[in-house]
Amino acid sequence: MKNVKVILWGLGAMGGGIGKMLVKKQGVDIVGAIDIGEKIGKSLYDVVPGIERGDREDVIVGTPEDVIKPGTADIVVVCTNSFTKDVYDKLVFVMERGINVITSAEEMAYPQAQEPQLAKQLDEIAKKNGVTVLGTGINPGLIMDLLVILWTGACESVDHIVSRRVNSLSPFGPAVMEEQGIGMEVADFEARKAAGTMAGHVGFAESVGMICDALGWKLEKFEQDMEPIVTDVDRKSPYGFAAAGQVAGVAMKGWGTVDGEVKIEMDHPQQIEPEQVGVFTGDYVEIKGIPPVNMSNTPEIEGGIGTMAMIMNCIPHVINARPGLKTMIDIPVPHAIMGDMRDMIEEECKLVK
């Protein structure tokens, strides 16, 4: 059987990191790479620091039109945007050329939540072209949704769910520092929040929607809010700084109402250098039901590596899936691939020659 052929679209920290993971695996080849600006025309192995070429054929970074053509790959990994409306045209471009696609866009973990019309169109386009599209990552995609859903598998009944992720923003770069308001004055944070320009965590609506879909609950209302985490000491991370009295992070909360009561609660405080002020990271699931569930994992599963691994480990499942738009509750449970990726491809799912 031929190796699984992968194209990377977006060679930043996420896409490049997935590339570095893929070259360590058996039975998979990176056959194309796409980015913009000065990266075009250069070798993938020069553009992504630390990726090992070994004896592989060189891959020259190009444009979508140059790289993505029918029959060139089994799947394209798109790591460029967070929102469904922004990544939509890229996903369609891939699917209309008869290639499966997986994306790190947070809203694509469950696009039905906020973009139901675009979700419907993506499903129709995927089926028309005989391919599959999936969005996933560490969160949304695993920690605050699929993990919760898996725990309910041991329950006869479920009355209330709390999904909590306490994490550190310290490993992230300048873009995330800006999105989360690190180093901002509280008044400026509140002004941006009022204007709707504070990003905070993207994915609560998707996680709540996925949980409800899996459990058969009819979501009546979704709400979310955010508050600044103000530091009383100076904090410095590799790419961020918050002086005492400034914003060091964002505390996000979300609620899903079912049958007239809040049955799902999302709690996600994230900040730089949390241990400096006695806050320790972790992932938690609390389920009131029969039987009750109380899961605690600390420290947190690191978000960057976790997202890259989730995408890589879902590649065979996307190739094997029936055509259409899928979410994490539509495919087999993801797991680490320690052997040959080709062994995970089902017989009827022919890889490209």
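In this report, the structure presented in the accompanying data block is examined. Computed from a prediction, not measured in an experiment: that's the story for all the values here.

1. Section: the pattern of salt bridges
Piece 1. For the structure on display, the rule yields 15 salt bridges.
Piece 2. Residues Arg342 and Asp340 are paired through a salt bridge, measuring 2.7 Å at the closest nitrogen-oxygen approach.
Piece 3. Given the relative accessible area of 26%, Arg342 is considered partly exposed.
Piece 4. Because the salt bridges share partners, they merge into one network encompassing Arg164, Lys253, Asp267 and Glu286.

2. Focus on the layout of surface pockets
Piece 1. Its boundaries defined by the atoms lining it, the largest pocket holds a volume of some 1,200 Å³.
Piece 2. Around the largest pocket sit 40 residues that line it, and Met14, Glu106, Phe172, Val176 and Glu179 are the ones nearest its centre.
Piece 3. Elements supplying a minimum of two residues to the lining of the largest pocket: helix 1 (13-22), strand 7 (157-168), helix 7 (174-179), strand 12 (261-271) and helix 10 (303-320).
Piece 4. Among the elements that make up the lining of the largest pocket, the one with the highest residue count is helix 10 (five residues).
Piece 5. Tallied by class, residues from the lining of the largest pocket come to 17 nonpolar, 19 polar and four charged.

3. Here's the deal with the environment of Ile102
Piece 1. Mapped onto the secondary structure, Ile102 falls in strand 5 (residues 100-103).
Piece 2. As a C-alpha pair, Ile102 and Met312 span 210 residues in sequence and 9.3 Å in three-dimensional space.
Piece 3. Not counting residues within four places of it along the chain, the set of residues in contact with Ile102 comprises Ile75, Val76, Val77, Val78, Leu134, Thr136, Ile311, Cys314 and Val318.

4. Points about the environment of Thr231
Piece 1. Structurally, Thr231 can be placed in the loop between strand 8 (219-230) and strand 9 (235-236).
Piece 2. Exposure remark for Thr231: the relative accessible area of 3% places this residue in the buried category.
Piece 3. Along the backbone, Thr231 and Ala242 are eleven residues apart, and their C-alpha atoms lie at a distance of 7.3 Å.
Piece 4. For Thr231, the residues in contact, after removing those within four places along its chain, are Ala242, Ala243, Ala244, Gly245, Gln246 and Ala248.

5. Things to note about the sheet that holds strand 1 (residues 4-9)
Piece 1. Read across the open sheet, the seven strands follow the order 3-2-1-4-5-6-15; overall the sheet is parallel. The strands lining the two open edges of the sheet, one partner per strand, are strand 3 (61-62) and strand 15 (324-326).
Piece 2. Here strand 2 (residues 28-34) runs beside strand 3; their pairing, made up of two bridges, is parallel. Within strand 3, the residue paired with Ile34 across the bridge is Gly62.
Piece 3. Together, strand 1, strand 2 and strand 4 (75-78) form the strand contacts of helix 1, whose direction differs from that of strand 1 by roughly 160°.
Piece 4. Helix 5 (residues 116-128) rests against strand 6 (132-135) and strand 15 of the sheet, and its axis sits at about 125° to strand 15.

Thresholds applied
Residues numbered from 1 in each chain as written. Predicted model: local features only at pLDDT ≥ 70, side-chain atom pairs only at ≥ 80, totals over all residues. Heavy atoms only, no water. Salt bridge = Lys/Arg side-chain N within 4 Å of Asp/Glu carboxyl O. Buried < 20%, exposed > 50% of the residue type's maximum accessible area, 1.4 Å probe, protein only. 1 Å grid on protein atoms, 1.4 Å probe; cavity = no way out; pocket = protein on both sides within 12 Å on 5 of 7 lines; lining within 4 Å. Points joined across faces, edges and corners; volume = space filled by probe spheres on them. Helix = DSSP H or I, 4+ residues; strand = E, 2+ residues; numbered from the N terminus. Nonpolar A, V, L, I, M, F, W, Y, C, P; charged D, E, K, R; others polar. Contact = heavy atoms within 4.5 Å. Pairing = 2+ DSSP bridges. Axes fitted to C-alpha atoms, helices over the stretch in contact; angles between N-to-C directions.

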